[in-house]
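Okay, here's what each chain looks like letter by letter:
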Amino acid sequence: MNKIAKALKWGASALRVAKMCVVAGNWFKIASDKPLYLGKGARVILDEGASLSIGAGVYLSPECFVQVNKGATLVLEDGVYMNEGCRVTAVQSALIGANTLFGPNVQIYDRDHEFDCRGVSSKLTYAPVSIGQHCCLCANAVVKRGSSIACRPLVSENPVVTCDLTESGALYAGAPARLV
């Protein structure tokens, strides 16, 4: 990418970040070491009383969606990279560790609708989500409530993470995700 195109890309991102920072009534912190990149169509929604902390050099590609509900906390540590179409929704809390990479369309949810023999309810069940540092979640990964992922694993394409992935440096695949 030539220097002029790169300057325009980052300039447009700076305008999107400035527009996002005009949110009142929320705790919102952006590290100042390296810029936050917001791609075209990326959206960040903070409900009243929500807490969002964004580390240095975080990159949200086009069409990413980040939502932090009332009273919830979301931490994106330094160097988190979200490819196009990723979605993170926090109702209680979520942590994404430093230098973690998301492939396209990765989905992180710390909540689910209750489900029993009568079917799906509108009532939510939630539990914190924690993703370690230097993780790589490939395309279309889904991480569900109450799950945690150790540092440095590779989570392959199309998995559904429903429990703790505890092996550092391991490969996980499948629905539900399991050690390969």
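Note: the structure precedes this text.
Below: a short report on this structure. (Residues numbered from 1 in each chain as written. Predicted model: local features only at pLDDT ≥ 70, side-chain atom pairs only at ≥ 80, totals over all residues. Heavy atoms only, no water.)

1. Description of the nonpolar core
A general trend in soluble globular proteins is that nonpolar side chains are found buried together. Counting residues in hydrophobic clusters, the biggest one holds 39 residues, and the most contacted among them are Val68, Leu74, Met82, Phe102, Ile108, Ile131 and Leu137. At the level of elements, β3 (43-46), β4 (51-54), β6 (65-68), β7 (73-76), β9 (87-90), β10 (93-96) and β15 (129-131) are the ones that each hand at least two residues to this core. If we skip the residues at most four places from it in the chain, Met82 touches Tyr59, Leu60, Ser61, Cys64, Leu76, Val88, Ile96 and Phe102. (Core = buried A, V, L, I, M, F, W, Y, C linked by side-chain atoms within 4.5 Å. Buried < 20%, exposed > 50% of the residue type's maximum accessible area, 1.4 Å probe, protein only. Helix = DSSP H or I, 4+ residues; strand = E, 2+ residues; numbered from the N terminus. Contact = heavy atoms within 4.5 Å.)

2. Quick word on the packing of aromatic side chains
One pass over the full model with this rule turns up 2 aromatic pairs. For the pair Tyr37 and Tyr59, a centre-to-centre distance of 4.3 Å together with 20 degrees between the ring planes defines the contact as stacked. With a gap of 22 residues between them, Tyr37 in strand β2 (residues 37-38) and Tyr59 in strand β5 (residues 59-60) connect regions that are remote in the sequence. For the residue pair Tyr37 and Tyr59, the accessibility class agrees, reading buried in each case. (Phe/Tyr/Trp six-rings, centres within 6.5 Å; stacked < 30°, edge-to-face > 60°.)

3. With respect to a nonpolar patch on the surface
A cluster of nonpolar residues, Leu154, Leu171 and Val180, forms a patch on the protein surface that exposes about 250 Å² of accessible area. Relative to the helices and strands, Val180 resides in the segment after β22 (178-179). (Patch = residues over 30% accessible without salt bridge, like charges linked within 9 Å, V, L, I, M, F, W, Y side chains within 5 Å. Areas by Shrake-Rupley, 256 points an atom, 1.4 Å probe, with all protein chains shown as cover. Salt bridge = Lys/Arg side-chain N within 4 Å of Asp/Glu carboxyl O.)

4. Considering the sheet that holds strand β16 (residues 136-137)
An order of β2-β5-β8-β11-β16-β19-β21-β22 is seen for the 8 strands of this open sheet, with the pairing classed as mixed. At either end of the open sheet lies a strand with only one pairing partner, and these are β2 and β22. For strand β11 (residues 101-102) and β16, the ladder comprises 2 bridges, and the chain directions are parallel. Following the sheet pairing, Phe102 is matched in β16 by Leu137. (Pairing = 2+ DSSP bridges.)

Don't take any of this as a statement about function, it's just geometry.
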